[in-house]
Amino acid sequence: EEYKQCRSGLISLQGVARGVKSRNMVAHWNACATDLERMWRGKAARMEYTTARNRVIKVQSAFRMHQCMEEYKKCRSGLISLQGVARGVKSRNMVAHWNACATDLERMWRGKAARMEYDTARRRIILIQSAFRMHQGVEEYKLCRSGLISLQGVARGVKSRNMVAHWNAC
C-alpha cells in the first residue's frame, strides 16, 4: 500500500508536473504565436506603409513634375516673348542704321552732284566771262587803234602843214 500510495503520489506529481509543463508549453506557444502575429502584423503594416509611401511619393512626384512643367512653360513662353522683343529691337536698330547709311550716301551723292554741277557751271561762266572780256578787249583795242590812227593822221596832217608852211616860207 505504501507503494500504491507512493505510486499514486508520483502519478499525481507527474500529472501536476505534466500540467505545469503543458501549461508552460502552451504559454510558450501562445507567446510564440503572439510574437509571430506581432511580427506578421508589423511586417504587414510596414509593407502597407511602404506601399502607401511609394504611392504618395509617386503622386507627389507627378504633382511636382506638373508644377515644374507649368513653370517651364511659363518661363519658355516669357523667354520666347523676350526673344521676339529683342529681335524686334535689333531689327529696328538695324533698319535705322541702314536708313542712316542710306541717308548719308544720298547726302554725299547729292553733294557730289551739286559740286559737279557747280564746277560745270563755274567753268562755263568762266568761259563766257573770258569770251566777254576778250570781246571787250578787242573792242577797246579797236577803239584805241582807231583813235591812235586818227591821232596819227592828225599828227601827220599837222606835221605836213608845218612842213608845207616851212617850205612856203623858205
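Every chain's residues receive numbers from 1 upward, in the order its sequence appears when written. For a predicted model such as this one, the threshold for reporting local features is a pLDDT of at least 70, and the threshold for listing and counting side-chain atom pairs is 80 or more; totals across whole chains, interfaces and linings nevertheless cover every residue. By convention in this description, side-chain values take in all heavy atoms of the structure and omit both hydrogens and water.

Trainee: Lay out the overall build of the chain with the relevant residues and their values.
Mentor: Of the regular secondary structure elements, the chain holds one helix and zero strands. Throughout, the radius of gyration refers to the C-alpha atoms, and the reference size of a globule is 2.2 Å times the residue count to the power 0.38. In terms of overall size, the chain is more extended than a compact globule, its C-alpha atoms giving a radius of gyration of 71 Å where 170 residues would be expected to give roughly 15 Å. Dimensions of the chain along its principal axes, counting C-alpha atoms only, are 240 × 25 × 10 Å. Relative accessibility thresholds used throughout: buried, under 20% of the residue-type maximum; exposed, over 50%; partly exposed, between the two (1.4 Å probe, protein chains only). For the chain, with 170 residues in total, the buried portion stands at 2%. Counting from the N terminus, the helices are the DSSP runs of H or I reaching at least four residues and the strands are the DSSP runs of E reaching at least two.

Trainee: With reference to specific residues and values, describe the environment of Asn168.
Mentor: Tracing the sequence through the fold places Asn168 in helix 1 (residues 2–169). What makes Asn168 exposed here is its relative accessible area of 63%. C-alpha of Asn168 to C-alpha of Ala31: the two residues are 137 residues apart in sequence and 196 Å apart in space.

Trainee: Explain a nonpolar patch on the surface residue by residue, including any values.
Mentor: The patches described consist of residues with a relative accessible area above 30% and no salt bridge, like charges being joined within 9 Å and nonpolar side chains (Val, Leu, Ile, Met, Phe, Trp, Tyr) within 5 Å. Residue exposure ignores everything except the shown protein chains as possible cover, and the areas themselves are Shrake-Rupley values with a 1.4 Å probe. By convention in these notes, a salt bridge is any Lys or Arg side-chain nitrogen within 4 Å of a carboxyl oxygen on Asp or Glu. A contiguous nonpolar surface patch, about 300 Å² in accessible area, is contributed by Met25, Val26 and Trp29. Relative to the assigned elements, Met25 resides in helix 1. Taking relative accessible area as the criterion, Met25 reaches 36% and is therefore assigned partly exposed.

Trainee: So what's going on with helix 1? Which residues, and what values?
Mentor: Across its 168 residues, helix 1 extends 237 Å between first and last C-alpha, which sits within 8% of the 250 Å expected from 1.5 Å per residue. Along helix 1, the positions that sit buried rather than exposed are Gly19, Gly88, Gly111 and Gly157. To estimate the expected span of a helix, subtract one from its residue number and multiply by 1.5 Å.

Trainee: Could you give an account of the pattern of salt bridges, with specific residues and numbers?
Mentor: Applying the stated criterion across every chain, the model contains four salt bridges. Note that Glu37 is salt-bridged to Arg41, the shortest N-O span being 4.0 Å. Taken together, the positions of Glu37 and Arg41, both in helix 1 and four residues apart, correspond to about one turn of that helix. Asp104 is the salt-bridge partner of Arg107, the closest N and O atoms lying 3.6 Å from each other. Separated by three residues within a single helix, Arg107 and Asp104 lie in helix 1, roughly one turn from each other.

Trainee: Which residues make up the state of the cysteines, and what values do they have?
Mentor: Any two cysteine sulfur atoms lying within 2.5 Å of each other are counted as a disulfide. Here the structure, examined in full by the defined rule, presents zero disulfides. With no disulfide of its own, Cys75 has Cys68 as its nearest cysteine by sulfur position, at a separation of 10 Å.

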